[in-house]
Structure formats: C-alpha cells, structure tokens
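Summary of the model geometry
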Amino acid sequence: MNDQGIENPGSRENLVEARDLKKWFPIQTGLLERLMARRVEHVHAVDGVSFNIRKGEVLGLAGESGSGKTTTGKLVIRLEEPTEGTVHFDGQDLGALKSEELRKMRRRMQVIFQDPMASLNPRMTIGEAIQHPLQIHFPKEASSHKEMIYDICDKVGLTPPQFFVDKYPHQVSGGQRQRVVIARALVTHPDLVLADEPIAMADVSVRALLLDLMIDLKNELNLTYLFITHDLATAKYICDRIGIMYLGRLVEIGDLRDVYSNPLNPYTHALLAAVPVPNPHHRRTETMPSGEIPDAINPPKGCRFHPRCTYAQASCSEVEPELRELKPGHFVACHYAEQFL
Ligand code: SF4
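Quick summary incoming for the structure in this document. Values in this document were obtained by computation on a predicted structure and should not be read as measured data. (Residues numbered from 1 in each chain as written. Predicted model: local features only at pLDDT ≥ 70, side-chain atom pairs only at ≥ 80, totals over all residues. Heavy atoms only, no water.)

**Notes on the pattern of salt bridges**
The line we're drawing: Should a side-chain nitrogen of Lys or Arg be within 4 Å of a carboxyl oxygen of Asp or Glu, the pair is scored as a salt bridge. A run of DSSP states H or I qualifies as a helix once it reaches four residues; a run of E qualifies as a strand once it reaches two. Both are numbered from the N-terminal end. Exposure is judged per residue with a 1.4 Å probe applied to protein chains only, and the accessible area is read against the type maximum: over 50% gives exposed, under 20% gives buried, and values in between give partly exposed.
A complete count under the given rule lists 19 salt bridges for this structure. The partner of Glu-80 in a salt bridge is Lys-23, with the nearest N and O atoms 3.8 Å apart. Of this pair, Glu-80 sits in the loop between helix H2 (69–76) and strand S4 (84–89) while Lys-23 sits in strand S1 (residues 14–26); the two residues are 57 residues apart in sequence, bridging distant segments of the chain. The class for Glu-80 is partly exposed, based on a relative accessible area of 22%. For Arg-249, the salt bridge identified is with Glu-322, shortest N-O distance 4.0 Å. One end of the pair, Arg-249, is in strand S10 (residues 249–255); the other, Glu-322, is in the loop between helix H12 (266–273) and strand S11 (324–327), with 73 residues separating them in the sequence. Its relative accessible area of 16% is what places Arg-249 among the buried residues. Residue class for Glu-322 comes out partly exposed when judged on its relative accessible area of 38%. When salt bridges that share partners are traced, they join Asp-47, Arg-249, Arg-304, Glu-320 and Glu-322 into one network.

Next comes the structure, spelled out in structure tokens:
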C-alpha cells in the first residue's frame, strides 16, 4: 500500500486509475485587473485526488456542494482536461490519446446527467435522442439502429418502445425522462457510466425504482459506475465503495459498509450523523459541522476541514494530512483518526 489511497496499482481488476488529479479554474477578471495583478488566482476545484475504480463495482463520490466530486467525475471521463495528473482507462492513458482515439474511447464512457429536461433536446423525439450516440459511434450500422433503440427501451422499462420513440421529452413523466437519459447512455454498450446525481431531480416515489433499475442494468450489462451524490442514504443503496470529498480532496475512501459502520474522519462522521433516520424517537447526538465550506480559491492551510472540525488540534492548521490506510482497503486523511478505530 502507499500513501495515495491506491489499492492494487496497475491491477487488471481496475477499469480506472486516477492519479494526483488536479483541476484549477482561473478566475475571470477584467483586463485592467489582469494587468495590475501579479498572478492569476484559481479555484482549486480538485486538488490532488487519486483512486481506482474496479471493474464491475459502484464507486460513490460524496460530499457537500463545492467538494469537487462532479469535477472529479468529469476529469475521469475526460469531459474536463486536468490541470495535472493522469487517468488510465482499461490500461490506456487518456491524456496520451489523439482526438480520434479519444472519440472512439468515449463510446466506452457514458454519462447520466442529473437533470433530464436540461440534457435532452426538446426538439428531438425520444427515439432521435437515443439514436444520437449511435450515429456518432456506430454510423455504419444504421440499419440496426431501430432494433438497438427498441432493445434498450425495453431494458430500461420504456415499454412498449413504439409508444415512446415518437414522443417528445415534455410528453412523458419525469421518471420516464430519466429512463430515456439512462437508455441514451447505455445504448452504445459502455463499460463505465458516470452517474452524476442521477435521481436527484426525480420524484421521491420513483427514486428507489430508478436505483433498482440501475443495479439491474449494471448486472445485466456488466457495467461499472462512478456514482456522484450529495446524499449518503442514496449512496448506501447502490455503492460498493465510497469516497468522501472535501474542498477538492479525498478525505476518506473504503468499502461502503466499513466506512458507514466505522467512519474514521470527523467530516465523514458528521455527514453520516446528519443522514435522516426514519424513526420519530431517534435523537441526534451530532450535527453537521457549523459554517460554510471554505473558499476554494484560498483553501485553509493544513487540514482543509480544521476551521469546522470539533476535533482539531494545533497541528491541524499547519500540516495537511495525507490519506493513510488504517484498515485493509480503508484510507483516511486525518492526523487523529486512530481515536475512531
Ligand atoms: Fe479534524 Fe485535525 Fe483530523 Fe482535520 S486532521 S479532520 S482538523 S482532527
């Protein structure tokens, strides 16, 4: 093991190997300010993140808004260029691929976005929306497109397909729209699916159905998911492993059951304690950390969580903790994590 929270580096079991990923966004300012400024400031959205995604697993990335989880997901499938760091997908360095090679690789990495209304073109029928990736990745198999569209509609529960393919997104329910987005992501038979808050916009009554559908499709189609969520209750339902992010850094990663039953980072502790419990007699003993997530332009020195951490000690504001393996496969970034073992 090493200090980066990377199990089995180079293992054939890993579909994705992300190493020291950083994404810094320059802050847009006016010309005069740029001329006067000695240096350009950056938002450190992702600031040195390493992890693997094993073939066939669901790896969750969770954290508050501004933690960098969505940007990390986009870096993994190269929807964003990293400022630094590498991503190997099935052994190939995505940063070394030429544009045509990357285009071909994209068939194997698809996305389910959060808001189906925003991600579907209102002027395209559902059939046209699902066919769009087929036109990009399988243009020579045009005669098979209809069969492929009907097949994936059947799989995601848009049945009978002929009832849906000529409709427009606004003519179906919110749950059905999310099934269309899932169908569009899976019609090219990808290996990895980035699911970015995939049920957040769905009605509460259909969320469990959509998660069950995603689990069934993963098993049937041998998929691997990178599941981005702010909701640890949802992550518990679907994820095999979970990584907790805070202000651009991974603060804990491990098997979901292990992390949930024995969180080793105070931030994870607080997030889990804030998950609603369906029991009117349950009394909370902990609350969410007070205050807002700090500014990602100038992250706090030392442990980034120290201004909000109730366990912080003097060294926490000086030395940034690295991820350490405290239990097999369970990594944590906290100087004083041993007290939670
Ligand atoms: Fe809290 Fe210090 Fe651990 Fe950071 S390193 S989580 S401030 S105890």
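There's plenty left to go through after this.
**Some words on the packing of aromatic side chains**
In plain terms, the rule: Ring pairs are drawn from Phe, Tyr and Trp, using the six-membered ring of Trp, whenever the two centres fall within 6.5 Å, and their geometry is named by plane angle: stacked under 30 degrees, edge-to-face over 60, tilted for the rest. Think of it as a cone above the ring: NZ of Lys or CZ of Arg counts as a charge over the ring if it is within 6 Å of the ring centre and within 35 degrees of the ring normal.
Throughout the structure, instances matching the rule amount to five aromatic pairs. Relative to Phe-164, the ring of Phe-163 has its centre 5.1 Å away and its plane inclined at 85°; by these criteria the two rings are edge-to-face. With relative accessibility at 4%, the residue Phe-164 sits in the buried group. One aromatic cluster in this structure is built from Tyr-246, Tyr-267 and Phe-305. In this structure, Lys-167 is placed above the aromatic ring of Phe-163, and the distance from its NZ or CZ to the ring centre is 4.4 Å.

**A look at the nonpolar core**
Heads up, the condition is: Among buried residues, those of type Ala, Val, Leu, Ile, Met, Phe, Trp, Tyr and Cys that are joined through side-chain atoms within 4.5 Å constitute a nonpolar core. Two residues qualify as a contact provided that any one of their heavy atoms is within 4.5 Å of a heavy atom in the partner residue.
Counting residues in each nonpolar core, the largest one holds 57 residues, and the members touching the most others are Ile-130, Ile-182, Leu-186 and Leu-217. When sequence neighbours within four positions are dropped, the list of residues in contact with Leu-186 reads Ile-152, Val-193, Leu-217, Leu-221 and Leu-223. Of all hydrophobic cores here, the second largest spans 31 residues; its members include Leu-15, Val-87, Leu-94 and Leu-194.

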